[in-house]
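Structure assessment
Listed below, chain by chain, are the residues.
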Amino acid sequence: ILNVEQSPQSLHVQEGDSTNFTCSFPSSNFYALHWYRWETAKSPEALFVMTLNGDEKKKGRISATLNTKEGYSYLYIKGSQPEDSATYLCAPTISGSARQLTFGSGTQLTVLP
Amino acid sequence: DAGVIQSPRHEVTEMGQEVTLRCKPISGHDYLFWYRQTMMRGLELLIYFNNNVPIDDSGMPEDRFSAKMPNASFSTLKIQPSEPRDSAVYFCASSPGWETQYFGPGTRLLVL
């Protein structure tokens, strides 16, 4: 079982603020890093899948970076909106188990209007 | 496509009863996953299938849990007998490969 840590556990920001959070994972045998967004009372929804060291992905106001050598990924949200309020989960996979996602406990983001 | 379909959406049962959760994956997806979400353990993988064959069931908590996939469009997760500690939200997800997994709406199970 992979040790996946996400920080902070929860975050409250004002509408318009930019924010970021961290996902840390073991760097050995790394295969891919998945980011999911999970709104209350809904199901997790994929944001990004990243595989290459130094990779950066963007979707609207949300972007993510990946450092596979040191085992971390950052998720950034620019100009947060109330609809960004959700729990953001990361899940790394390792070689030989590319389909087995080990989810972190998530960062719960609340954007206050 | 309707996405991943799960039924029932909510289930309340008494300890000792058999519970069957159902999942219809997205058509064409070769992989199907069963997850459980609890406050204590977060979102954890129970078992996954490739082309209807169970590949890894190491996450299944006990022998009381079993999962089947009789065809490409249907899977079941069964708990027999159920216990209060099985209360959780159970998600089914499907994917065409190793990348994005598409989650169903979940089944919220309460065992009294």
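On a predicted model such as this, the values are computed, not experimentally measured, just so you know. (Residues numbered from 1 in each chain as written. Chains lettered and ligands numbered in written order. Predicted model: local features only at pLDDT ≥ 70, side-chain atom pairs only at ≥ 80, totals over all residues. Heavy atoms only, no water.)

**Quick look at the overall build of chain A**
Counting its regular elements, chain A contains zero helices and 10 strands. Reading chain A from its N end, one meets helices and strands in the order β-β-β-β-β-β-β-β-β-β. For chain A, whose C-alpha radius of gyration is 13 Å, the value lies close to the compact-globule estimate of 13 Å for 113 residues. Among the 113 residues that make up chain A, the fraction classed as buried is 50%. At a minimum sequence separation of 6, the contacts of chain A that also span at least 24 residues come to 54%. Accessible area of chain A: about 5,600 Å², with a carbon and sulfur share of 44%. (Helix = DSSP H or I, 4+ residues; strand = E, 2+ residues; numbered from the N terminus. Rg over C-alpha atoms; globule rule 2.2 N^0.38 Å. Buried < 20%, exposed > 50% of the residue type's maximum accessible area, 1.4 Å probe, protein only. Contact = heavy atoms within 4.5 Å. Areas by Shrake-Rupley, 256 points an atom, 1.4 Å probe, with all protein chains shown as cover.)

**Examining the side chain of A:S73**
All names here are of chain A. On the secondary structure map, S73 appears in strand β8 (residues 72-77). One polar contact links S73 to W35, side chain to side chain, over a distance of 2.9 Å. Here the side chain of S73 touches T65 through a polar contact of 2.6 Å, landing on its backbone oxygen. Once residues lying within four places of it in the same chain are set aside, the contact partners of S73 are F21, T22, C23, F25, L33, W35, M50, T65 and L66. (Polar contact = N/O pair within 3.5 Å; in protein donor to acceptor, adjacent residues only side chain to side chain.)

**A word on the sheet that holds strand β8 (residues 74-79) of chain B**
Remark on secondary structure: sheet strands pair via backbone hydrogen bonds, oriented parallel or antiparallel. Residue and element names in this part refer to chain B. Taking strand neighbours across the sheet as the criterion, the four strands line up as β1-β3-β8-β7 in an open arrangement whose pairing is antiparallel. Pairing within the sheet leaves two strands with one partner each, and these edge strands are β1 (5-7) and β7 (65-71). Averaged over all neighbouring strand pairs, the angle between strand axes comes to 15°, with direction disregarded. Here β1 runs beside strand β3 (residues 19-24); their pairing, made up of three bridges, is antiparallel. Considered in β3, the bridge of S7 is made with R22. (Pairing = 2+ DSSP bridges. Axes fitted to C-alpha atoms, helices over the stretch in contact; angles between N-to-C directions.)

**Some details on the layout of surface pockets**
The space that makes up the largest pocket amounts to roughly 840 Å³. In terms of lining residues, the largest pocket is bounded by 30 residues, among which A:W38, A:T87, B:Q37, B:T38 and B:M39 are the most central. Looking at the lining of the largest pocket, the elements that each hand over two or more residues are β9 (86-94) and β10 (107-112) of chain A together with β4 (31-38), β5 (42-50), β9 (88-95) and β11 (107-111) of chain B. In terms of residue class, the lining of the largest pocket is made up of 10 nonpolar, 15 polar and five charged. Of all the elements in the fold, those that place two or more residues in the lining of the second largest pocket are β9 of chain A together with β5 of chain B. For the lining of the second largest pocket, the leading source of residues is β5(B), giving five residues. (1 Å grid on protein atoms, 1.4 Å probe; cavity = no way out; pocket = protein on both sides within 12 Å on 5 of 7 lines; lining within 4 Å. Points joined across faces, edges and corners; volume = space filled by probe spheres on them. Nonpolar A, V, L, I, M, F, W, Y, C, P; charged D, E, K, R; others polar.)

**A short note on the pairing of β8(A)**
Residues and elements named next belong to chain A. Side chains of β8 alternate between two faces, with S73, L75 and I77 buried and Y72, Y74 and Y76 left unburied. Relative to β8, strand β7 (residues 62-67) runs antiparallel, the two sharing six bridges. If you follow T65 over to β8, its bridge partner there is Y74. Connecting β7 to the next strand, β8, in antiparallel fashion are four residues, including G71 with a positive phi near 75°.

By themselves, these observations are geometric and do not establish any function.
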